[in-house]
Structure formats: structure tokens, C-alpha cells
Amino acid sequence: MLMREKVNGFVGVMAVAILCMVSGLCMVWGIAPVVLAVYVAACAVCGRYMITCIGCAAGVAAGSMGIAGLLHAYEYMIPGPAYSGVMVTEKYLVLLGLAMCLMKIVYSRNSRSYVRVIVVMSAAVLMGNIVVYADNMLMAAAYGVVEAAIFMCASVILKPGIGLLYTYICGDASDVERDESWNISQGIVSLMALAAVVLWVVPGEDIYGVNPAFMLALVLILYAVYRTGAVYGCGMAAVAGSIVSVKLNDSRWLMWMLLVALVMLIGRALTGRRKVSASLFYVLGCVLASVADGTVLWNGSGREIAFYYINIAVPVVLFACIPGALLGAMDEETDQACLQAAAAEINRLTACKIEDMANVFRRLDYTFAGSDEPAISLGQIGELVDGFRRQIDLIGEAREISDEKLLGQIRSLGMDEVRVTASMDSGNRSRYYVAGRTSGQGMVLSRQVADVLSGYFRKNIRAGMDSPSLFFDEYRSAVYEEAARYKGRYHVRRIKKYGSPVSGDNFSVKEYEDGRLVMMLSDGMGSGSLASCESCMMLDTMEELLEAGFAPEYSIAFANRCMSRRNKGRIFTTFDMVVIDMYDGTMRSFKQGASVTYVIRPGDDGNEVRQITSTTLPVGVLDDAECDMADVKLAAGDAVVMVSDGLSDMDVSDHMHDVLKGIRVGDSRRMVDDILGAMIGQGDVSLRDDVTVMAAVISGSEKSSAA
């Protein structure tokens, strides 16, 4: 993944550098300041000062000297002072050097100084014209003002487009400066301006030969109409058609381009946004425009007709090669029902979080009713509420995924008007929100959508616990989350003391949404109902605190303090907890006065057995009793065994270690039965204490390995 990010970043920088070089070729009078605007905007976006400067300088030299065979410095469109390509090169190389110094020194220290750099560079452009063309001060000053104004406007207009271009090439918007001063509409307009700059320098003189400018104009129209719809599609057709008309000195090409865009928009309205239908209606639009014009069809030679249709066919081939990630919807009107479905999902998740928090406070208050110790301080309540706020903020930071390849795969299931957004949860794991409805009266299983997401992202993705299981013809929104790398299978057996009505041992096993498997075992002092009540209260308190989002360390300390002050140190209970992260296999053990925990790793010459012991006091003896903690890295095939004091106390000869070393790891139920059979199943044994054995076997997720 890191290598892929580096490659994408390199490709993004090189694309911006090439764009700088192309802008440098615009050496027609009045367009030349665009190279400075592109350079300043490119530095602000990608922060690469030298390589972009080299690209601009190369373009300036090629354009001003006429090396590229384009319109160059002394072929200006509006009469002005005659100056040589050498003079233009010298002037703009000096200005580029000044721009690089300003961006590197001023902008790199304060990203908000972009406007200041533009103002200073505008003044430099004015002074540059006055210095270079001192033989005619009045005209030089007038042209300097015009160039400075063009530079200033172009710098503001082109920056959003370069930012979007760099973002989509690199594939990660977090690497781009987050500029909230422009929206997506401004970004599209900026991209259209960049397309005009590129289109201007592409050669195109004869429509009856290979005409790169004409082909590029058609590609831009195809892409704009497909991607953005009517408004920006027609705008791109007008821009491209105008430039081609100027290049070919024939205004009919503007109407020709607009007709092609109009036919494509009709097809888009009839068939939806599909790549094949867009290509077919593009061909239809070109045919209609050709028939309407008729110049080539009726008067051209066979060679001219062949080149004419080559110029029309190449753009659709290039359009077909555009990656799906660049073809998603941009600034497209969203169906109100879809927006309502997404808003309803966010509201539901927010309400669930608030309800969970309220229930935590109620149950904790009930659990510690009559205790002198306040349940939770105001500061702790503030931290808890802030934790819920952060979780809700993560939901609101979801970004839309517009890759046509993904959306097309979901549509192929029978879905319509699909929108996919992604966010990160508190553990930096991906969550996906899919909103849509079926295109007919059928239904689509949420599991089918999860399979598509898994294949596309190459991750094991599953539907969230609270997500609907089906999509119907009404808009619905479902949450999908990255499934854990491992899964745990566990089993527990509890045997009460001989003659006791109930067991004083209590246990809890719970899998949380964030991928944690939490196993807890508590042994109350003595046996019977009183011991069971104390151990049960300890586990209930821990479950509430962990569910609320408190850290295990704080939860144990809080429960210990409350139970100590409630029972005045006269009654206590042991506590043993194992927290396993199923995403990375890390395990943390927490013990207060608890028995041994065993970690078993299978081997060819017998199992490797690790013991985790405790030397601390049980819960409830002292207000500030310490808690033993140990970290272990688990792998697929490992097992964790927790036992209560009733079993460890009878293991005076360390027989348990020998049993676990030779036990077969695999089925957690069989492991528990084998352990109890080996320890207390031989002979006539009367249990002097309650016995509980918990076993969990870690295995790899099948989907995860497949993905």
C-alpha cells in the first residue's frame, strides 16, 4: 500500500509538471501569463517547486522560440510591440524564478499567503514588461497591466482544477491541501479552463487530415457530458468548439460541437449514465452533425472522408480507455429521496449513540444505588460525551466514492441510483454507506452488496449489525464495515461446588462491533448466592463501562473503587479479563487476584504453553488496588484458556501444564471437555470450590484470506 501511494504521488507530480510545460507553450500575446498562473497554482497544490518550474521553463522556451511548431511570441493575436522569442524567454524565466522563491519562502511557511504571492507576482509581471520593453513605455505599461490582470485571474481560476486533477491521480484527497474557499462547481469550471489551455496548444489545422485539436475537443465533450451532465457538458462543448473554430477559421464547428453534446444529453436522459450508451449517442451526434454540414460527405475525396471519420472514431476509443475512477458522477443533482435516506441513516446512528450513552448512565446508577461513591464524575461524563461526539463526527466525514466500475457492479445486481460513501471509524478501519433502491419490483440482499464491496476493495467487508438485510424499490441506506482478520470460537463450562445451590463463578463473553472479543471471569468470595451476586455485579459493571467506550484500565479501577467503598473491604471478588483484537491478533490480559491464564500455540513436538499469572489483590479489598496487565501476540491456530481458582487450586503438581501441552487445539468445546476430564474426571473427586473453564480458539477469517 505504501509503494502504491508513492507511485500515485509520483504520477500526480509528473502530470502537474507536464501541465506546467503545456501551459508554457501558450506564448501567444495575452495568453503567456497563464504559465505563471499554472506554476503558482501547481506549487500551492502539490508543493513541488523545482520540478514544476523546470516544466514551465521548458514550455516557455519551446513556445517562445516556435520549437513546438505552435503560435509563438511574435505571432500575437492583437497588435502590440514586436518582441523576440529570446526576450520573452528571458522575461518569463526571471519571473518563474521569482515565483519559485516566493512560493518556497512565503507560501511554504504560511499556506494562507496565496493571495499575497499573487499580488506580488502581479506587480512583478507589470515591472517585467516595463523593463523589457522600455523603448515604448506607454505600450509596455498597458500590456503589463493586462498581463498582470490575466495572471491574477488565471491563478484564482486554475487552482481548484489543478487540485482536483492532482487528487484524482493520486487517489487520496488527504494529500491535497484542504481549501474550503472553493466548491466542486468551481473545481469543474477550473478544469474546463485547464482543458481550454491544453486544447489551445494542441496543433490542428486541417480537418481533412489527422487533427489532434479536433479529436481532443471531442474527447473533452464526451467526458464532460458523461461526467457532469447538461450545464458543464454544454459549457465544455462551447469552449472546445470556439477554440477549434478559431484554429480552423470556421465558426460552423462551434455549432457542430454543440449538436454532438445535445444528442448525448438526450441519450443520457433516455438511458441513464452508462458508458456504452454515451458512446453510441456520441456516434449518433457525430453522424447527424456530419449530415447537417455535408461538406465532407458530399464534396470530399475518399482520403478526406477516411481521415474525417478517423478524427471522429479516435475520441470514442480514448473515452473507452478512461479508468472508472475518473468517470464517477461529479456535481450531479442528487435525488431527494436518496439524500433523505442518507440523512435518516445518520440520524439513526446518532440516536443510537445517544441512547446507548443514556442507558449506560441509568444502569450504572442502578448498579451502585446506595453506594457512598459517586458513580461517575462530571469530568468523566464530559470525556464520555466527547467520545460519542467523535464517533458521530466520523459518520459526518464520509466521502463519496464515484468510481464507475464499483457503481456499475452494484447496479448489475438490480440496484438503481446508487451512492457509496466511505469513512474511517475510531480504529482507522473502513466503513461504507450504500444508499439506493432496486430498479424494479425485485430485491437485492445486503450480503450481495457486501460481496461486491469485498471484491472491489480487496477486503473482507460485511454488512453492519443494524443494517437492513434487503434493498427494495424504496430508498434505503446500509452500513458496511471491514470484517476482522481473525475470528474466535469459544466455549465455557461451569461446575458448582459440591453441595452449593449456585456457583459463585460468573463469566461473560462478548464480541464488540469494533472487532474486540472480550472474555471475563469473576470468582466471588466463598461460594453460593452472595459470591455469585458480587461476581455478577463486577461483570455487569464492566460490561456497561466497556460498552460506553471507557478504556479497560479505567473501567477496572472504577469498578474496584466503587465495590471497595460499597462493601467496606469485607467482601471481594477476583477478576480476570482477556481482550483480543480480531483485526491484528493482539491480546491484553487484565488480572486482579485471578487465577492463571494459558496461551497455547500448537507445535510439531507438542504445544507451546505460556502462563499469565497475577500477584495483585482481588477487586474490592482496597480502593486503589493495582491490576496486572500482559500483552501477547496471537496467530491463527492459537488458543486461550482461562480457569477459576477452583481448578488451579487442585493443580498442586502442575498437571495442567502437561495436559495443555498435549491437548489437541481446534474445537473449543472439545478442549474444555478434555481439560475437565483430565483434571477432575479421574477418580471420585468432590469439588471444594466452584470450577469454570473458558477456552477460545483463534482462526483466520475465510473471506479475509480469499480477498
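Residues numbered from 1 in each chain as written. Predicted model: local features only at pLDDT ≥ 70, side-chain atom pairs only at ≥ 80, totals over all residues. Heavy atoms only, no water.

### Brief notes about the overall build of the protein
Put simply, the rule is: Starting at the N terminus, helices and strands are each numbered in turn, a helix being any DSSP run of H or I of at least four residues and a strand any DSSP run of E of at least two. The rule is simple: take the accessible area with a 1.4 Å probe, protein chains only, and divide by the maximum for that residue type; under 20% is buried, over 50% is exposed, in between is partly exposed. In what follows, a contact means two residues having at least one pair of non-hydrogen atoms within 4.5 Å. Accessibility throughout is a Shrake-Rupley quantity obtained with a 1.4 Å probe, and a residue counts as covered only by protein chains that appear here.
Helix and strand counts for the protein stand at 23 helices and 17 strands. Counting over 707 residues, the protein shows a buried share of 49%. Within the protein, residue pairs in contact and separated by at least 24 positions form 70% of the contacts whose partners lie at least 6 positions apart. Looking at the protein as shown, the accessible area adds up to about 32700 Å², and 58% of this sits on carbon and sulfur atoms.

### Regarding helix H22 (residues 668-680)
To keep things clear, this is the line we draw: Working rule for helices: expected span equals 1.5 Å times residues minus one. Arc definition: it is the arc formed by the directions from the helix axis to the C-beta atoms.
In a regular helix each residue adds 1.5 Å, so 13 residues correspond to 18 Å; H22 covers 18 Å between its end C-alpha atoms and thus fits that length. All of the buried residues in H22 are Ser668, Met671, Val672, Ile675, Leu676, Met679 and Ile680. Buried residues of H22, seen end-on, are gathered within an arc of 125° and therefore sit on one face of the element. On its buried face, H22 is in contact with strand E8 (486-495), strand E13 (597-601), strand E16 (639-643), helix H20 (645-648), helix H21 (655-662) and strand E17 (691-700).

### Re the sheet that holds E13
Strand pairing in a sheet takes place through backbone hydrogen bonds and is either antiparallel or parallel in direction. Defined as follows: For two strands to be treated as a pair, DSSP must find no fewer than two bridges joining them. With axes taken as lines fitted to C-alpha atoms, and helix axes fitted only over the stretch in contact, angles between N-to-C directions fall between 0 and 180 degrees.
Across the sheet, 5 strands lie side by side as E8-E17-E16-E13-E14; this open sheet has antiparallel pairing. Of all strands in the sheet, those bounded by a partner on one side alone are E8 and strand E14 (608-612). Direction aside, neighbouring strands of the sheet carry axes that sit 15° apart on average. Here E13 pairs with E14 via 5 bridges, running antiparallel. Following the sheet pairing, Arg601 is matched in E14 by Glu608. The strands that H21 touches are E13, E14 and E16; relative to E14, the one it contacts most, it runs at about 140°. Together, E8, E13, E16 and E17 form the strand contacts of H22, whose direction differs from that of E8 by roughly 35°.

### Concerning the sheet that holds strand E10 (residues 516-524)
Here we have 5 strands laid out as an open sheet, ordered E9-E10-E11-E12-E15, and antiparallel in their pairing. Each edge of the open sheet carries a strand with a single partner, namely strand E9 (505-511) and strand E15 (628-633). Averaged over all adjacent pairs, the angle separating strand axes in this sheet is 10°, with direction ignored. Judged from the 6 bridges that link them, strand E11 (residues 573-581) and strand E12 (residues 586-592) form a sheet pairing that is antiparallel.

### Side note on the packing of helix H2 (residues 34-46) against helix H3 (residues 49-64)
Put simply, the rule is: Between 65 and 115 degrees an angle is taken as roughly perpendicular, under 35 as roughly parallel, over 145 as roughly antiparallel, and anywhere else as oblique. With the far helix as reference, a near helix turned anticlockwise by less than a right angle produces a left-handed crossing, and one turned clockwise produces a right-handed crossing.
Where H2 meets H3, the axes come as close as 9 Å, and the angle between the chain directions of the two elements is 165°. Compared by their axis directions, H2 and H3 come out roughly antiparallel. Viewed along their axes, H2 and H3 form a crossing whose handedness is right-handed. Two secondary-structure elements touch here, H2 through Val35, Tyr39, Ala42, Cys43 and Cys46 and H3 through Tyr49, Thr52, Cys53, Cys56 and Val60.

### Re the pattern of salt bridges
Here is the rule: Whenever a carboxyl oxygen of Asp or Glu lies within 4 Å of a side-chain nitrogen of Lys or Arg, that contact is scored as a salt bridge.
Enumeration over the complete set of coordinates arrives at 10 salt bridges. For Arg588, the salt bridge goes to Glu553, with nearest N and O atoms at 3.0 Å. Separated by 35 residues along the polypeptide, Arg588 in strand E12 and Glu553 in helix H19 (residues 552-567) bring together distant segments of the chain. Residue Arg588 is classed as partly exposed on the basis of its relative accessible area of 30%. By relative accessible area, which is 33% here, Glu553 ends up partly exposed. The partner of Asp631 in a salt bridge is Arg588, with the nearest N and O atoms 2.6 Å apart. A residue pair is termed long-range when its members are at least 10 positions apart, and Asp631 in strand E15 and Arg588 in strand E12 qualify at 43 residues. Connected through shared salt-bridge partners, Arg431, Arg462 and Glu481 make up one network.

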